Amino acid sequence: KAGVTQTPRYLIKTRGQQVTLSCSPISGHRSVSWYQQTPGQGLQFLFEYFSETQRNKGNFPGRFSGRQFSNSRSEMNVSTLELGDSALYLCASSLAYGLSGLASYEQYFGPGTRLTVT
Amino acid sequence: GQQVMQIPQYQHVQEGEDFTTYCNSSTTLSNIQWYKQRPGGHPVFLIQLVKSGEVKKQKRLTFQFGEAKKNSSLHITATQTTDVGTYFCAGPRYSGAGSYQLTFGKGTKLSVIP
């Protein structure tokens, strides 16, 4: 079974520009979550989509947005880029969202997109 | 809101020594997950603990979930260079309307000196 794929793997943008990142989940997985990883803040949750609907949202400004398509593929958009947006953006897929009894669904992470804002 | 704290932030050990990382939550967790991220890689799921006091082993790795379900630990016996990486714990945080989001600790970065 193919893993989670993310494109592009590396991206260099200038302040003020916008960027779109793409994520293809594992076949059969319907939930896609996005995380921002930086050395100082660690892994921070951005949002989660399931069945084309945003189910969860982290504490990020409105410049960060996303969507999910009917085939479960997801995109994340960041508008008006700032220097502080430089980070590794990770996408993770799981079978579903929420809890199954007391258990959470394990997350399968993609390789990430390394975004550098200059 | 719920936070998941992990200590230590960094750990350097001689190959063959043991290693332990601790995870503490401000609130009771329904479960806790552990992930490993190799240098330059992405987090990979290791295990999930659900029951109070649960202990699970994976070869040289031992995972524990506290009786109060507020803390957890990962212990590696006789570390090897292949154990190098950052270990994260993650617990679900209720975000309303029946939804939960995984909250990750900041991780413990393990270095193994051959």
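See the structure printed just above.
Now for a description of the structure that goes with this document.

Structural notes on the overall build of chain A
Right, on to step 1. A tally of regular secondary structure across chain A gives zero helices and 13 strands.
Right, on to step 2. A globule of 118 residues ought to have a C-alpha radius of gyration of about 13 Å, and chain A, at 14 Å, matches this closely.
Right, on to step 3. When its C-alpha atoms are laid out on the principal axes, chain A stretches across 45 × 25 × 25 Å.
Right, on to step 4. Residue burial in chain A is summarised as follows: out of 118 residues, 49% are buried.
Right, on to step 5. Expressed as a percentage of contacts within chain A between residues at least 6 apart in sequence, the contacts between residues at least 24 apart total 56%.
Right, on to step 6. If you sum the accessible surface of chain A, you get close to 5,400 Å²; carbon and sulfur atoms cover 48% of it.
Right, on to step 7. With 11 positive and 6 negative side-chain charges, chain A shows a separation of 4 Å between the mean positions of the two kinds.

Here we look at the sheet that holds strand β7 (residues 61-65) of chain B
Residue and element names in this part refer to chain B.
Right, on to step 1. In spatial order, the strands read β1-β3-β8-β7-β6; together these five strands make up an open sheet with antiparallel pairing. Looking at strand neighbours, the two that pair on one side only are β1 (4-7) and β6 (55-58), the edges of this open sheet. In this sheet, neighbouring strand axes are inclined to one another by 15 degrees on average, regardless of whether the strands run parallel or antiparallel.
Right, on to step 2. Here β6 pairs with β7 via four bridges, running antiparallel. What sits directly across from Val 55, in β7, is Gln 64.

Some words on the nonpolar core
One broad trend across soluble globular proteins is that nonpolar side chains are buried collectively.
Right, on to step 1. One finds Trp34(A), Leu46(A), Phe64(A), Met76(A) and Tyr89(A) to be the most contacted residues of the largest nonpolar core, which totals 21 residues.
Right, on to step 2. Elements with a minimum of two residues in this core: β3 (19-24), β4 (31-38), β5 (42-50), β8 (74-78), β9 (87-94) and β13 (113-117) of chain A.
Right, on to step 3. For Met76(A), the residues in contact, after removing those within four places along its chain, are Val19(A), Thr20(A), Leu21(A), Trp34(A), Leu46(A), Phe47(A), Phe64(A), Ser65(A), Gly66(A) and Tyr89(A).
Right, on to step 4. If you look at the next biggest cluster of nonpolar residues, it comprises 19 residues, including Ile32(B), Trp34(B), Phe65(B) and Leu110(B).

Rules behind the numbers
- Residues numbered from 1 in each chain as written.
- Chains lettered and ligands numbered in written order.
- Predicted model: local features only at pLDDT ≥ 70, side-chain atom pairs only at ≥ 80, totals over all residues.
- Heavy atoms only, no water.
- Helix = DSSP H or I, 4+ residues; strand = E, 2+ residues; numbered from the N terminus.
- Rg over C-alpha atoms; globule rule 2.2 N^0.38 Å.
- Buried < 20%, exposed > 50% of the residue type's maximum accessible area, 1.4 Å probe, protein only.
- Contact = heavy atoms within 4.5 Å.
- Areas by Shrake-Rupley, 256 points an atom, 1.4 Å probe, with all protein chains shown as cover.
- Lys, Arg positive; Asp, Glu negative; His and termini not counted.
- Charge placed at Lys NZ, Arg CZ, Asp CG, Glu CD.
- Pairing = 2+ DSSP bridges.
- Axes fitted to C-alpha atoms, helices over the stretch in contact; angles between N-to-C directions.
- Core = buried A, V, L, I, M, F, W, Y, C linked by side-chain atoms within 4.5 Å.

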